[in-house]
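# Coordinate inspection notes
For reference, the chains in residue letters:
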Amino acid sequence: MSGAAPVGDARARRSLLPALGALSAFGPLSMDLYIPALPQLGRDLHTTEALAQVTMSACLIGLALGQLLWGPISDRYGRRRPLMWAVGGFAVASFVCAVSPSIELLILVRLLQGLCGAAGMAIARAVVHDVYKGSEATAGFATLTAISGAAPVLAPLLGGALLTFTDWHGLFVALGAIGALLLLTAALFVPETHPLAERTTGGLGNDLRGIGAALGNGPFMVFALTLGLASAGFFAYLQMSSFVLQNQFGVDAQGFALIFAMNSGGIVLGAWISRRLARRTGERRIDGRRVVLTSLSLGSAAAVAVLLSALLHSPLPWLLAPLFVLVGLHGVNNPTLTALALSRITRGAGSASAVLGTLAALLGALLPPLLSHAGVSATLMGATMLIAFAAALALLAATGRITRARG
């Protein structure tokens, strides 16, 4: 191994989680930076709101399917090299997005961008699984969520600021530059954590067996599906909020970026709470499954509040308050459910991480556009979030006997 220090090195261990957090964020960052420009992009390319949303959905589908590619590859070839290949591809795809002349080409390249961005998400989770166990793993995943959650705090603000002197093309140029910086980060700070003796061998058949083993693991799948449903509610916010706030409530691009950043700060707060809870030991230790049940209950109640504020045509603050709670709970659900799911995996963490991320990204990519084909509204956003959170809560509550052990 060359380039980065081994994880046993104290200095490398301290820098590992911040580097992984940044790398796990570059896929979602490709959505968050240009969210304030979605309405402008639609007008510039003479397309509909639904097709403008598809540019996000294409990236999400790439993020989903790409994890199924990179997870098994990292189980076979190690974590470091595939990560480097993918980050370089992300930077190139971002620059191509910047010069796309049509919505059709942009959708295609966004799919490729998502495929490359998926590596950071799947491999970062696998590295945490390689290095940390038990409550330390939950705390590690919470750190990733907090750092990747901080990116959306800055990304819309940066996007809104850039839009004062450039357009959506310039935002993709900025993403390409960020990709280049992240490639340097991977080269300097991410060592190889998957030993040769534990790597898979063979061809596609072995890769599929690793994915099949995860799909056949009942407790793992319950937590993975719960995370997927909860994430669908979060993605409904990501895909619909710019249209709701800018078109329905008249918020400008800079104002939306500020609101989006405040809500993303809620993710950081939620991840901090998750990390604090994971660090509790002895009699003070709190069961992770119970944490998620409480979080999903609060999320369902907040979604009801969003829906009621929309139906009653309440002023904007009445919508924003429960929306902040809903988005912040993603910082609790994501790391806790990820740790609960991967704790059921002993071998093939890359493949299991891929399945986990794919379910969340696919549900998030497909559900909101399917429901918004007739137009986006605050009522639809609230209803979609309520359906997603209530379904996640019902699933986890109904499968208590399967998931309670070791939870």
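Below you will find a few notes about this structure. (Residues numbered from 1 in each chain as written. Predicted model: local features only at pLDDT ≥ 70, side-chain atom pairs only at ≥ 80, totals over all residues. Heavy atoms only, no water.)

A count of helical and extended segments in the protein gives 15 helices and 0 strands. With 407 residues in all, the protein has 58% of them scored as buried. Counted over contacts in the protein with a minimum sequence separation of 6, partners at least 24 positions apart contribute 87%. Carbon and sulfur atoms provide 68% of the accessible area of the protein, an area that totals close to 15,700 Å². (Helix = DSSP H or I, 4+ residues; strand = E, 2+ residues; numbered from the N terminus. Buried < 20%, exposed > 50% of the residue type's maximum accessible area, 1.4 Å probe, protein only. Contact = heavy atoms within 4.5 Å. Areas by Shrake-Rupley, 256 points an atom, 1.4 Å probe, with all protein chains shown as cover.)

Among the surface-exposed residues, L269, W272, I273, F324 and V325 lie close enough to one another that they form a single nonpolar patch of about 440 Å² accessible area. Looking at the nonpolar patch, the elements that each hand over two or more residues are α10 (253-278) and α12 (316-342). Take the nonpolar patch: its biggest share by element is 3 residues, from α10. With respect to the helices and strands, the residue I273 is situated in helix α10. (Patch = residues over 30% accessible without salt bridge, like charges linked within 9 Å, V, L, I, M, F, W, Y side chains within 5 Å. Salt bridge = Lys/Arg side-chain N within 4 Å of Asp/Glu carboxyl O.)

The next subject is the pattern of salt bridges. Once the charged atoms of two side chains with opposite charge are near each other, the side chains can pair. Throughout the structure, instances matching the rule amount to 3 salt bridges. Where D130 meets R79, a salt bridge forms, and the shortest distance between an N and an O atom there is 2.8 Å. Of this pair, D130 sits in helix α5 (residues 103-131) while R79 sits in the loop between α3 (49-77) and α4 (80-98), and the two are 51 residues apart along the sequence. In this structure D130 comes out as partly exposed when scored by relative accessible area, which is 22%. A residue is classified by how much of its surface remains accessible, and R79, at 1% relative accessible area, is buried. Residue R199 is joined to E192 by a salt bridge in which the shortest nitrogen-to-oxygen separation is 3.8 Å. R199 sits in the buried class, given a relative accessible area of 17%. What you see here is one network of salt bridges that share partners, running through D75, R79 and D130.

Two elements in contact, α4 and helix α7 (residues 168-189), have axes whose closest approach is 7 Å; the angle formed by their N-to-C orientations is 165°. Judged on the interaxial angle alone, α7 and α4 are roughly antiparallel. As for the relative orientation of α4 and α7, their crossing is left-handed in sense. Residues that form the contact of α4 with α7 fall into these classes: 18 nonpolar, 5 polar and 1 charged. (Axes fitted to C-alpha atoms, helices over the stretch in contact; angles between N-to-C directions. Parallel < 35°, antiparallel > 145°, perpendicular 65-115°, else oblique. Left-handed = near helix turned anticlockwise from the far one by under 90°. Nonpolar A, V, L, I, M, F, W, Y, C, P; charged D, E, K, R; others polar.)

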